[in-house]
Amino acid sequence: MSLHTLKTQRILDAALAVFCRYGYRKTSMLDIAQASDMSRAALYLHFKNKEDVFRAGSERAHASVMAQVAAALAQSVPVFTRIETALLAFQQGLMADISASAHGQELFDVNMTLAADITLSARASLVASLAGALEQAEAAGDIALRRVDATAAQVAALLVASMDGIKHTQGGGEALRQGIALQMRVLGAALLRM
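Below, the structure is looked at part by part. All values derive from a computational prediction rather than experimental measurement.

Focus: the pattern of salt bridges
Inspection of the entire model under this criterion finds six salt bridges. A salt bridge links R25 to E106, with the shortest nitrogen-to-oxygen separation between them at 3.5 Å. One end of the pair, R25, is in the loop between α1 (3-22) and α2 (29-35); the other, E106, is in helix α6 (residues 104-114), with 81 residues separating them in the sequence. The partner of D164 in a salt bridge is R123, with the nearest N and O atoms 2.8 Å apart. With D164 in helix α8 (residues 152-170) and R123 in helix α7 (residues 116-139), the pair connects residues that are 41 residues apart, well separated along the chain. Assessed through its relative accessible area of 18%, D164 is described here as buried. In the salt-bridge network here, residues are joined through shared partners; they are R123, D164 and K167.

Okay, structure coming up:
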């Protein structure tokens, strides 16, 4: 890893902590620079403004979470166990620090303003990855999508929409884990070949 990449990672780590502590609006480039143990001038060598820092942080977080999703879906366990692990990795990986912040809602809103393209791309990738896992399970004879008259893509999109609904109505943490586990039990009852 290059020195530039290491500094960028250090900046993004520090920026996340600062955004969580002060919120997006109250965070300045000076705050980020100080938290990164560098001058503001040095910070500007890496990022042109705090919007650029925020977008880079969102991009890094989504890339990291999608790597966790891929790892979960590559496991040698039943398909619904893999999908449950992938959904939890996606939500918890993106929500953990921000949800714990008093400024969490502001940060989620700012993300959808400044980095909606990154978020929507990751969501589309999640749906495609889940659909791929379902297609593989059907090809292996483990599930029968015809039982619910749906395609793998439709079921995957429903899973992601349901996950969002659970998150928004019941919150994260244990409620999210239980809600996703329930999704998998219901889906398993509907699709597993007996």
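Quick word on the environment of S101
If you trace the backbone, S101 turns up in the loop between α5 (79-100) and α6. Take S101: its relative accessible area is 11%, and that puts it in the buried class. Separated by 78 residues in sequence, S101 and G23 have C-alpha atoms that sit 8.4 Å apart. Once residues lying within four places of it in the same chain are set aside, the contact partners of S101 are C20 and L107.

What counts, and where the lines are drawn
Residues numbered from 1 in each chain as written. Predicted model: local features only at pLDDT ≥ 70, side-chain atom pairs only at ≥ 80, totals over all residues. Heavy atoms only, no water. Salt bridge = Lys/Arg side-chain N within 4 Å of Asp/Glu carboxyl O. Helix = DSSP H or I, 4+ residues; strand = E, 2+ residues; numbered from the N terminus. Buried < 20%, exposed > 50% of the residue type's maximum accessible area, 1.4 Å probe, protein only. Contact = heavy atoms within 4.5 Å.

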